Amino acid sequence: MTGTKDKDYNLVWFVEQCLSNALRLETYIADAERGGDRELADLFRRAQTESRKGAEQGKEFLRRRLG
C-alpha cells in the first residue's frame, strides 16, 4: 500500500511516534509543574525517558537495516 515493506514502514512510524510522544510529554511535565504536582511531573519525565530510549533504539534499527 505505502510502496515500502510493511516492517520498514512500521519501524519509521515507531520512531516518529516515540519522538512525538517525548515532545508532547514536555508540555505535560510543564503543566504538572505549574500545578505544583511534582509526583505527576516525575511520572511524565520517566515516560519521556522511555520514549526517547525507544526512539534511539528504533533509529539504530533503521541505520542497520536501511543504511
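Scroll up to find the structure.
Residues numbered from 1 in each chain as written. Predicted model: local features only at pLDDT ≥ 70, side-chain atom pairs only at ≥ 80, totals over all residues. Heavy atoms only, no water.

Q: So what exactly am I meant to see when it comes to the overall build of the chain here?
A: Looking only at helices and strands, the chain features 2 helices and 0 strands. Relative to the 2.2 N^0.38 estimate, which gives 11 Å for 67 residues, the radius of gyration of the chain is 15 Å and therefore markedly larger than a compact globule would have. Taken over the C-alpha atoms alone, the chain extends approximately 45 × 25 × 10 Å along its principal axes. Residue pairs at least 24 apart in sequence account for 59% of intrachain contacts in the chain once pairs closer than 6 positions are excluded. Carbon together with sulfur atoms contributes 54% to the accessible area of the chain, which is approximately 5,200 Å² in total. (Helix = DSSP H or I, 4+ residues; strand = E, 2+ residues; numbered from the N terminus. Rg over C-alpha atoms; globule rule 2.2 N^0.38 Å. Contact = heavy atoms within 4.5 Å. Areas by Shrake-Rupley, 256 points an atom, 1.4 Å probe, with all protein chains shown as cover.)

Q: Explanation requested: the packing of aromatic side chains in the structure shown.
A: Two aromatic rings, taken as a pair, are described by how far apart their centres are and by the angle between their planes. All chains considered together, the criterion is met by 1 aromatic pair. Relative to Phe 44, the ring of Tyr 28 has its centre 5.6 Å away and its plane inclined at 55 degrees; by these criteria the two rings are tilted. Taken together, the residues Tyr 28 in helix H1 (residues 6–34) and Phe 44 in helix H2 (residues 38–66) connect sequence positions 16 residues apart. Under the relative-accessibility criterion, Tyr 28 is labelled partly exposed at 36%. Its end group placed over the ring of Phe 61, Arg 64 keeps NZ or CZ at 4.6 Å from the ring centre. (Phe/Tyr/Trp six-rings, centres within 6.5 Å; stacked < 30°, edge-to-face > 60°. Buried < 20%, exposed > 50% of the residue type's maximum accessible area, 1.4 Å probe, protein only. Lys NZ or Arg CZ within 6 Å of the ring centre and 35° of its normal.)

Q: Sorry if this is basic, but what is going on with the pattern of salt bridges here?
A: Any two side chains of opposite charge can pair, given that their charged atoms come close. One pass over the structure, following the stated rule, counts 8 salt bridges. A salt bridge links Lys 59 to Glu 56; the nearest nitrogen and oxygen atoms lie 2.8 Å apart. Separated by 3 residues within a single helix, Lys 59 and Glu 56 lie in helix H2, roughly one turn from each other. With its nearest N and O atoms 3.2 Å apart, the salt bridge here joins Arg 63 to Glu 60. Of this pair, Arg 63 and Glu 60 both sit in helix H2, 3 residues apart, roughly one helical turn. Three or more residues are tied together by salt bridges with common partners; here these are Glu 33, Asp 42 and Arg 45. (Salt bridge = Lys/Arg side-chain N within 4 Å of Asp/Glu carboxyl O.)

Q: What is the right way to read the nonpolar core from this model?
A: Side chains of nonpolar character tend, in soluble globular proteins, to be buried together. The biggest cluster of nonpolar side chains holds 5 residues, and these are Leu 25, Ile 29, Ala 32, Ala 41 and Phe 44. It is H1 that contributes the most residues to this core, 3 residues altogether. (Core = buried A, V, L, I, M, F, W, Y, C linked by side-chain atoms within 4.5 Å.)

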